[in-house]
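These are the residues of each chain, in order.
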Amino acid sequence: MYCSDYRILIFTNAYALSAYTINFRNNLYWMYLLVLLPLLLLALDKLVLYNKKIPYILLLGFCITASFNIAFFICIFLTFTFLTYDFKDIKDFLKKAINFIYSSLLSAGIVFWSLAATYLGFKSTAYGYDDAIFPSFTFFQNYWDSFKQFFIFANPISITENNGAINLYCGIFCLLLFFLSLQIKHHKQYYLKILFMVFILFSSNNNLLSYLWNGLHYQSKVPNRYSFILIFLLIDIGVDTLYLLHTISKKKVLLSLLLIWIFYGCILIFSKDQIFNLSFISTGIILSIFSIFIVLGKYRFHRSFFRRALFLITLIEILFNTLFTIYSEDHTSGLFSERYNEAIDYYKNNICTDSKQDRINFIGLTLNNQNSVCGVNSFKYFNSQLSPYQ
């Protein structure tokens, strides 16, 4: 049913053009894994339901080789997803759990050479010393400052000194569908997804949990790296909600709209940063349009027209946010430059001033050995592909 419905394009575009994807687009190896994530979940289905191991083992093995740290997050997500399946009894659970663990370990074993080389590479860097210090249970920032990243035209984050920074935007309509989903009676899988999303949000702003999420490693100078899982879950819930929208009563629709407007207002009131700006105003306008269309559609006023209008407005919204993010990042932030020589000079003179290795990203460049070419200290794509061990 989903594949033949044009509305599914809302969610595919929301995932492909989310704030996470756009702001991390220069990390090409990460993009491979984001593309493969839906296929990997499909392979997990084949593994659990039909005992077909090969697609899962090969896909997961490739992901680990391409980017071990993003693959680490995906492995956590896969473990969570496995626990959401329906099992006949404890015997069925144990049988499938052993199969899942065996296949996952086999994938890691096949690419052990890459994991071992990466580990040896990390040991010889400043990260090895810094990560040995166990963190305290502290918070990076106000959670309401994190929530405002759900808004359109939110501040693009690619490099930052704020370890609690996070990219969350994937369309206002997806956020609205999440609030509507609260009014629907769901299977246990839905509630597990909600709990996992809450845990991800809580972890993203906590020093200790973020350290554990990153494999006993301090995340620094970049926004949250596992928020793509939260975005994926939000979109997943949105898909199911869209197709159950007709089951929600008019009263519950109005209640959901009230809740999202309260959420919107709380961000304005409790966020420490100046929020009454282009992002806040634009989100309010789009949210108003969506609210009106959903209410009118629920009362059967030209339902087909409003459905198509919602589809079109959502796609335009996501496209405009993508263009805004790219423009703001590359032209107005001051962190990046499109000119090759200026970029090299900036990183050499302003960042690489100590003995520690720094993480460097050059927007628009696709060199696999760009740190050597540019002559700067860096860990290419957060991996050790140029370490002496490889």
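Up top is the structure.
Below you will find a few notes about this structure. All residue numbers here refer to positions counted from 1 along the written sequence of the relevant chain. Where local features are concerned, this predicted model is filtered to residues with pLDDT of at least 70; where side-chain atom pairs are given and counted, the filter is 80 or more; whole-chain, interface and lining totals use all residues. Just so you know, side-chain values use all the structure's heavy atoms and leave hydrogens and water out.

## Comments concerning the packing of aromatic side chains
- Pairing of aromatic rings covers Phe, Tyr and Trp, the last counted by its six-membered ring, and requires centre-to-centre distances within 6.5 Å; plane angles under 30 degrees mean stacked, over 60 mean edge-to-face, and any other angle means tilted. Throughout the structure, instances matching the rule amount to 39 aromatic pairs.
- Ring centres of Phe151 and Phe280 lie 6.4 Å apart, and the angle between their planes is 55°; this geometry places the pair in the tilted category. With Phe151 in the loop between α9 (143-147) and α10 (172-181) and Phe280 in helix α15 (residues 278-298), the pair connects residues that are 129 residues apart, well separated along the chain. Grouping residues by exposure puts Phe151 and Phe280 together as buried.
- With 6.2 Å between their ring centres and 35° between their planes, Phe196 and Trp213 make a pair best called tilted. Here Trp213 lies in helix α12 (residues 207-213) and Phe196 lies in helix α11 (residues 188-204), a separation of 17 residues in the sequence.
- Any residue under 20% of the maximum accessible area for its type is buried, any over 50% is exposed, and the rest in between are partly exposed; the area is computed with a 1.4 Å probe on protein chains only. Residue Trp213 is classed as buried on the basis of its relative accessible area, which comes to 4%.
- Feature note: the residues Tyr15, Phe72, Phe73, Phe77, Phe80, Phe196, Phe199, Trp213, Tyr226 and Phe232 constitute an aromatic cluster, connected by ring pairs. Here a strand is any run of E in DSSP of at least two residues, a helix any run of H or I of at least four, and the numbering for each starts at the N terminus.

## A few points about the packing of helix α4 (residues 54-66) against helix α6 (residues 90-110)
- Whenever a helix is involved, its axis is fitted only over the stretch in contact; in every case the axis is a line through C-alpha atoms, and angles between N-to-C directions fall within 0 to 180 degrees. Where α4 meets α6, the closest approach of the two axes is 8 Å, and the angle between their N-to-C directions is 45°. With respect to each other, α4 and α6 are oriented oblique. Both α4 and α6 take part in a crossing whose hand is right-handed. Contact residues: α4 offers Tyr56, Ile57, Leu60, Gly61 and Ile64, while α6 offers Phe100, Ser103, Ser104, Leu106, Ser107, Ala108 and Ile110.
- We call Asp, Glu, Lys and Arg charged. Ala, Val, Leu, Ile, Met, Phe, Trp, Tyr, Cys and Pro are nonpolar, and the rest, Gly among them, are polar. Its residues placed into classes, the contact of α4 with α6 shows 8 nonpolar, 4 polar and no charged. The labels follow the angle: roughly parallel below 35 degrees, roughly antiparallel above 145, roughly perpendicular from 65 to 115, and oblique for the rest. By definition, any crossing whose near helix is turned counterclockwise from its far helix by less than a right angle is left-handed, and any crossing with a clockwise turn is right-handed. Only heavy atoms matter for contacts: two residues are in contact if any of them lie within 4.5 Å across the pair.

## Remarks on the side chain of Gln219
- Structurally, the position occupied by Gln219 is in the loop between α12 and α13 (227-242).
- Among the residues examined, Gln219 registers a relative accessible area of 6% and is labelled buried.
- We call two N or O atoms a polar contact when they sit within 3.5 Å, provided that within protein one can donate a hydrogen and the other can accept it, with sequence-adjacent residues counted only if both atoms are side-chain atoms. For Gln219, the side chain forms a polar contact with the main-chain oxygen of Val222, separated by 3.5 Å.

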